[in-house]
There are 2 protein chains.
Amino acid sequence: MAVKHALNVTREQDFAAWYQAVIAEGDLAEESGVRGCMVIRPWGYGIWERIQKLLDAQIKATGHENCYFPIFIPLGYFAKEAEHVDGFAKEMAVVTHHRLVADGKGGLIPDPEAKLEEPLVVRPTSETVIGTAFARWVQSWRDLPVLINQWANVVRWEMRTRMFLRTSEFLWQEGHTAHASEAEAREETLKMLEVYRAFAEDCVAMPVVAGEKPEHERFPGAVATYSIEAMMQDGKALQAGTSHFLGTNFSAAQNIRFQNKEGELELAQTTSWGMSTRMIGGLIMTHGDDDGLRVPPRVAPHQIVIVPMLRDNDEDEAVLDYCKALVRDLNALSAFGEPVRALLDARAQKASNKRWAWVKKGAPLIVEVGPRDVAGGNVSVLRRDRLYDQGGKLASEIRPQGEFVGAAAAALEDIQSSLFAEAKARTDGNITRDVADFAGLKAFYDKAGKFAGWVEVQWSKPTGDALEDIVEKLKTLKLTMRNVPNDARPVDGPCFFTGAPAVERILIGRAY
Amino acid sequence: MAVKHALNVTREQDFAAWYQAVIAEGDLAEESGVRGCMVIRPWGYGIWERIQKLLDAQIKATGHENCYFPIFIPLGYFAKEAEHVDGFAKEMAVVTHHRLVADGKGGLIPDPEAKLEEPLVVRPTSETVIGTAFARWVQSWRDLPVLINQWANVVRWEMRTRMFLRTSEFLWQEGHTAHASEAEAREETLKMLEVYRAFAEDCVAMPVVAGEKPEHERFPGAVATYSIEAMMQDGKALQAGTSHFLGTNFSAAQNIRFQNKEGELELAQTTSWGMSTRMIGGLIMTHGDDDGLRVPPRVAPHQIVIVPMLRDNDEDEAVLDYCKALVRDLNALSAFGEPVRALLDARAQKASNKRWAWVKKGAPLIVEVGPRDVAGGNVSVLRRDRLYDQGGKLASEIRPQGEFVGAAAAALEDIQSSLFAEAKARTDGNITRDVADFAGLKAFYDKAGKFAGWVEVQWSKPTGDALEDIVEKLKTLKLTMRNVPNDARPVDGPCFFTGAPAVERILIGRAY
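Computed from a prediction, not measured in an experiment: that's the story for all the values here.

So, about the overall build of chain A. Secondary structure summary: chain A contains 14 helices and 28 strands in total. Taking 2.2 N^0.38 as the reference for a compact globule, 512 residues should give roughly 24 Å; the C-alpha atoms of chain A span a radius of gyration of 26 Å, in line with that estimate. Here chain A, with 512 residues, has 59% of them falling under the buried criterion. Of all intrachain contacts in chain A linking residues separated by at least 6 positions in sequence, the fraction that spans at least 24 positions is 70%. Total accessible area computed for chain A in this model is approximately 20500 Å², and 49% of it derives from carbon and sulfur atoms. The average position of the 60 basic charges and that of the 71 acidic charges among the side chains of chain A differ by 3 Å.

Here it is as structure tokens:
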């Protein structure tokens, strides 16, 4: 018997429409009416708060401190770093006036009398403005390293937007560091890549491949860019975090110089690294199913939701009291080294509507309690990651209340690892390594269909025109190079593209 | 003997210069080079993170959920609420272009081809854009109340800026709620005012007067505005948080309507309330002294800083080990219901320099440890709120290590309440209630000099021209009406301004 799922579109039918349905039905976010900007609703923002909390702890544990820098960047700051500007100039919001005035027709216009002498750019990223501060802070080798991070909103004017994945305004953290030596800055770049890998896998239960981006995919102005790439359920890659070694490119433009131990002036070596609300898009496309979202317990705003079955009669009070005690007991537990987060959903709505709302939102454990449960000392438990039994029926389990509480923390930890294992098996199973040449690549993607995964190839890392030709050729198949996995096996053959001796392995795929 | 203080300017000499010196010497913030915007440095941002954490918990405990709304507001949204626009139109950053282009002279200009059809305003506050979302969310009385909050940056183009107190960009939280009845919305407005009062007094140790602003000081578009007002050490008032009952002014403009229980369409009653990084300016001017800042322990990023006296010899390792054990023991303690935050400052600098750096930053307890302390099982403790003894000497105390750790949590709690008591006595002692008329007011402020406090008067609450005349008259003395204290004694005489029967008491003072 076919299950009737909670969403009106399945992943198989239309993955893009399904993605929008998960966001809408899960109350994660919505279009704001402001071009390219979204409203992040409480459940979506709650996930972001969990991401912030857990990632921030790691950023601090690795020695970084949080600061805050201006949202506006004077045009002149941008002009200093040519390659960087070229990379961003196409998509920035520009403030030109500082006052509005009545237009005489009942409307408002920017006041021509209040035009800024130098227009201000709304930050698309903060290297230029933070570098200016570093130049003030760094005089001597004793001032290094400078290790800072900022949680902020940034704006990149996007023509085609998609909630969480590509929005004109998004939220992120951006780390910026300055070091005395190249070796130390490169070590920092890789350290933060590892922080991102561990965070994605351990907290978001999202398996990723950490590696270096090819030259043509580098951040504008970077010497080396590393990424974590996650495979979505449609086989596409999502770049979910990046870490850049900037060498002296930015410090030269911004004059970040220090007197070294020998008394000579030297340019600092800088890095930057960021992770954004895009991660929530990745979470959705990694863990969502045809009934909505499944949020891994570590990043779920509420891990256990208690839904009382209220009938507007005199049994209600006993049911509510039983539920309140349950929430108290659960919140006294600890899972993943933190207090458990249980919620009582006592809103005046039908219990089954509330149940399905939490299914679509993806609360890890949904517990229903009715008068019969109270009488029997039981609860009815639904694990969001195993919603149906083999017969296609909702897999609710009646369990003694004490037994459920005693096992709740372990259940959350089991859901976390099950979600990771499921995604990990899917990712690993969809990386193909036996495609020999471009014709084979075309055949593979033609055959694999719309949910094709990635192909790993060996290549000789050509540059210039030769590289450009390859990039264009891949483009005809809508493919891009993702990254050179840090843990790839050694090369053992010719370049997939040129036939020359290969120097490394690289992943190819379609991407968001 | 006169104490030689750590700052090179005292409060008495030049309060404004002293304020800047506390910020600079305490590494709290600095000018960014971007007009009107500051860089908040790690110690200043750490205080903000503490404020966020504690206030956010209260906002959530009162039933609100966090969301995120766009930074950009289309011009048309603003035009809808006339009074609101009048209040803000003078000071908004306007985005008119979405791309830069080379100017042919090596520079960049906004691309004339990329002019926005409708300019976007960088939010000065979010009533208009959040109201648009409320209009989508609210259909029936069942959808009410809507109780949300946002942590965000906002921009108000300020001509004269002062760090933390008045900056073009600042950080804040803004709460926005919609209710079915006026009574409920008014209750919400006062509830959040009380959350602010309790937060300011209990967490920031800043005594405040909570009350209603007079009509002419209302938020643009509000029916009633309430504030908490704090007295700075120079006697001036700082409005440190506001809560607004908006009635149906915004819901009418934004069409936030709901079907009530009787099936009729009704306008929702809305509120908004905010507290910002300005609070850090208030903290500085409440608790700072001539040696720098004194941070109340509840909002101190580090409550206890351990400074090892290292001599670059073979005793250093024992000193460091002793300090590390001390930090471990302290961090295992609990104060104010949270884990204690102790830090080991092992930087390679002279211990006395580090000690004075932490004095200027205002760490509540500064502990120095040298080889002699290790040998004797002691620590040398400095309480930042009692820096000098009666003879004007630094009041360091040698204490057995175990005794210090055992009393550390209580010491932090004592510092918190001492700072509050000190500020409370100063505030209460500088509110004068026996000024009879305007001539008396002038005489009072002439005599009280530059650090005069506030005067509480009874008034008949005139409106229109009569009110305007009073406001202008006060202006000649640089005075403004602050608020009508919620807990003022009943009136018992004529109006200070008009001689008519008084209806309430109101505070008058100079203000930031």
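Bringing the sheet that holds strand β23 (residues 397–400) of chain B into the picture now. Residue and element names in this part refer to chain B. Pairing is mixed across the open sheet formed by five strands, whose spatial order is β20-β17-β21-β22-β23. Bordering the open sheet on either side are β20 (342–344) and β23, each of which pairs with just one other strand. Sheet twist, expressed as the average angle between the axes of neighbouring strands with direction ignored, equals 30°. Bridge count for strand β22 (residues 378–383) against β23 is four bridges, and the pairing is antiparallel.

Here we take up the relation of the copies chain A and chain B. Laying chain A over chain B is done by rotating through 180° and shifting 0.0 Å along the axis; what remains is an RMSD of 0.0 Å. A rotation of that kind, with that shift, is consistent with a two-fold axis. Among all residues of chain A, the minimum C-alpha distance to the rotation axis is found for A:Val95, at 2.1 Å. Interface overlap between copies: 100% of the residues of chain A at the interface are likewise at the interface in chain B, consistent with a symmetric, same-surface contact.

On to the packing of aromatic side chains. Taken as a whole and assessed by the stated rule, the structure comprises 24 aromatic pairs over all chains. With centroids separated by 5.0 Å and ring planes inclined at 90°, the aromatic side chains of A:Phe444 and A:Tyr445 adopt a geometry described as edge-to-face. You can call A:Tyr445 buried: its relative accessible area is 3%. Between B:Phe170 and B:Trp172, the ring centres sit 5.8 Å apart and the planes meet at 90°, which makes this aromatic pair edge-to-face. B:Trp172 shares its class with B:Phe170; the two are buried. These aromatic residues form a ring-pair network of at least three members: A:Phe15, A:Trp18 and A:Phe451. The ring of A:Phe438 has A:Lys473 lying over it, and the distance from NZ or CZ to the ring centre is 4.7 Å.

All names here are of chain A. Interaxial distance between helix α2 (residues 42–61) and helix α6 (residues 182–203) falls to 11 Å at its minimum, and their mutual angle equals 145°. You can see that α2 and α6 cross each other, and the crossing is right-handed. Within the contact between the two elements, α2 uses Ile51, Leu54, Leu55, Gln58 and Ile59 and α6 uses Met192, Val195, Tyr196, Phe199 and Cys203. Of the residues contributing to the contact of α2 with α6, the split by class is nine nonpolar, one polar and no charged.

The next thing to look at is the nonpolar core. Within soluble globular proteins, side chains that are nonpolar generally end up buried alongside one another. A:Phe72 and B:Phe72 are the most contacted members of the largest nonpolar core, which totals 72 residues. Setting aside residues up to four positions removed in sequence, A:Phe72 forms contacts with A:Val95, A:Leu120, A:Val121, A:Val122, B:Val34, B:Cys37, B:Ala93, B:Val122, B:Val155 and B:Trp157.

Moving on, we get to the domain arrangement of chain A. According to the domain assignment, chain A contains domain 1 (15–93 + 124–287), domain 2 (302–411) and domain 3 (431–509). Relative to domain 3 of chain A, the C-alpha centre of domain 2 of chain A lies at a distance of 48 Å.

This paragraph deals with the packing of α2(A) against helix α8 (residues 278–287) of chain A. All names here are of chain A. Taken N-terminus to C-terminus, the directions of α2 and α8 make an angle of 110°; their axes are 10 Å apart at the nearest point. Here α2 lies roughly perpendicular to α8, going by the angle between them. Facing α2, whose interface residues are Gly44, Ile47, Trp48 and Ile51, α8 presents Met279, Ile280 and Leu283. Taken together, the residues that form the contact of α2 with α8 break down as six nonpolar, one polar and no charged.

Turning next to the interface of chain A and chain B. Listed by partner, the interface residues are 60 residues for chain A and 60 residues for chain B. Taken together, the two surfaces of chain A and chain B that pack against each other cover about 5000 Å², and 65% of this comes from carbon and sulfur. The tally of links between chain A and chain B comes to four salt bridges. In this assembly, chain A and chain B are joined by 28 residue pairs in polar contact (both at pLDDT 80 or more). When grouped by side-chain class, the residues that make up the side of chain A that touches chain B number 40 nonpolar, seven polar and 13 charged. Both strand β5 (residues 94–97) of chain A and strand β5 (residues 94–97) of chain B contribute to a ladder of three bridges, which runs antiparallel. Within β5(B), the position partnered with A:His97 by the bridge is B:Val94.

Residue and element names in this part refer to chain B. Taken together, the four strands give an open sheet; going across it, the order is β24-β25-β28-β26, and neighbouring strands pair in mixed fashion. The strands lining the two open edges of the sheet, one partner per strand, are β24 (431–432) and β26 (480–481). Where strand β25 (residues 454–459) meets strand β28 (residues 504–509), five bridges bridge the pair, whose relative direction is antiparallel. The partner of Trp459 across the bridge, within β28, is Glu504. Here helix α13 (residues 438–448) sits on the sheet and contacts β24, β25 and β28; the angle it forms with β25, its principal contact strand, is near 175°.

Residues and elements named next belong to chain A. With respect to the helices and strands, the residue Ser380 is situated in strand β22 (residues 378–383). Accessibility expressed as a relative area gives 10% for Ser380, which makes it buried. On a C-alpha basis, the gap between Ser380 and Val367 in space is 5.5 Å, while along the polypeptide they are 13 residues apart. Beyond its immediate stretch of four places on either side in the chain, Ser380 contacts Ile366, Val367, Glu368, Asp373, Ser396, Glu397 and Ile398.

What follows concerns the state of the cysteines. Enumeration over the complete set of coordinates arrives at zero disulfides over all chains. Looking at the unpaired B:Cys67, the closest cysteine sulfur is the one in A:Cys37, lying at 15 Å.

Let us look at helix α10 (residues 351–361) of chain A. All names here are of chain A. Of all the positions in α10, only Ala351, Lys354, Arg355, Trp358, Val359, Lys360 and Lys361 are classed as buried. Where α10 is buried, its residues meet α1 (15–25), α2, β17 (304–308), β20 (342–344), β21 (365–369) and β22. Within two residues after α10, Gly362 carries a phi angle of roughly 90°, on the positive side.

Turning our attention to the environment of B:Lys424. Residues and elements named next belong to chain B. Mapped onto the fold, Lys424 is located in helix α12 (residues 401–429). On the basis of relative accessibility, which here comes to 31%, the residue Lys424 falls in the partly exposed class. Along the chain, Lys424 and Met206 lie 218 residues apart, while their C-alpha atoms are 7.6 Å from each other.

Let us now look at a negative patch on the surface. Residues and elements named next belong to chain A. Taken together, the side chains of Asp465, Glu468, Asp469 and Glu472 define an acidic patch exposed on the protein surface. As for its placement among the helices and strands, Asp465 is situated in helix α14 (residues 464–475). The exposed category is assigned to Asp465, whose relative accessible area is 61%.

A separate point is the pattern of salt bridges. Counted under the stated rule, the structure contains 70 salt bridges over all chains. Residues B:Arg384 and B:Asp289 are paired through a salt bridge, measuring 2.8 Å at the closest nitrogen-oxygen approach. Taken together, the residues span a long stretch of sequence, with B:Arg384 in the loop between β22 and β23 and B:Asp289 in the loop between α8 (278–287) and β17 (304–308) at a distance of 95 residues. Of the two residues, B:Arg384 and B:Asp289, neither departs from the other in class, the shared state being buried. A network of salt bridges, in which partner residues are shared, links A:Asp27, A:Glu30, A:Arg41, A:Lys361 and B:Arg136.

Residue and element names in this part refer to chain B. The element strand β21 (residues 365–369) is largely enclosed, with a buried count of five among its five residues. With burial as the criterion, each face of β21 is covered, one bearing Leu365, Val367 and Val369 and the other bearing Ile366 and Glu368. Pairing of β17 with β21, which is carried by five bridges, proceeds in the parallel orientation. Considered in β21, the bridge of Pro308 is made with Val369. In the sheet, β21 pairs with β22 via four bridges, with the strands oriented antiparallel. Across the sheet, residue Ile366 finds its bridge partner in β22, namely Leu382.

Next up on the list: α1(A). Residues and elements named next belong to chain A. Within α1 the residues assigned to the buried category are Phe15, Trp18, Tyr19, Ala21, Val22 and Ile23. In this structure, the buried residues of α1 make contact with β1 (29–31) and α8. Positive backbone phi, at 55°, marks Asp27, one or two positions downstream of α1.

Before going further, it helps to examine the side chain of B:Thr427. All names here are of chain B. With respect to the element layout, Thr427 can be found in helix α12. The exposure class of Thr427 is buried, given its relative accessible area of 5%. In this view, Thr427 contacts Pro207 and Met231; residues no more than four positions away in its chain are not counted.

Definitions and cut-offs
- Residues numbered from 1 in each chain as written.
- Chains lettered and ligands numbered in written order.
- Predicted model: local features only at pLDDT ≥ 70, side-chain atom pairs only at ≥ 80, totals over all residues.
- Heavy atoms only, no water.
- Helix = DSSP H or I, 4+ residues; strand = E, 2+ residues; numbered from the N terminus.
- Rg over C-alpha atoms; globule rule 2.2 N^0.38 Å.
- Buried < 20%, exposed > 50% of the residue type's maximum accessible area, 1.4 Å probe, protein only.
- Contact = heavy atoms within 4.5 Å.
- Areas by Shrake-Rupley, 256 points an atom, 1.4 Å probe, with all protein chains shown as cover.
- Lys, Arg positive; Asp, Glu negative; His and termini not counted.
- Charge placed at Lys NZ, Arg CZ, Asp CG, Glu CD.
- Pairing = 2+ DSSP bridges.
- Axes fitted to C-alpha atoms, helices over the stretch in contact; angles between N-to-C directions.
- Least-squares fit on C-alpha atoms with pLDDT ≥ 70 in both.
- Phe/Tyr/Trp six-rings, centres within 6.5 Å; stacked < 30°, edge-to-face > 60°.
- Lys NZ or Arg CZ within 6 Å of the ring centre and 35° of its normal.
- Left-handed = near helix turned anticlockwise from the far one by under 90°.
- Nonpolar A, V, L, I, M, F, W, Y, C, P; charged D, E, K, R; others polar.
- Core = buried A, V, L, I, M, F, W, Y, C linked by side-chain atoms within 4.5 Å.
- Domains from an automatic or database assignment.
- Parallel < 35°, antiparallel > 145°, perpendicular 65-115°, else oblique.
- Buried area = accessible area lost by both parts, 1.4 Å probe.
- Salt bridge = Lys/Arg side-chain N within 4 Å of Asp/Glu carboxyl O.
- Polar contact = N/O pair within 3.5 Å; in protein donor to acceptor, adjacent residues only side chain to side chain.
- Disulfide = S-S within 2.5 Å.
- Patch = residues over 30% accessible without salt bridge, like charges linked within 9 Å, V, L, I, M, F, W, Y side chains within 5 Å.

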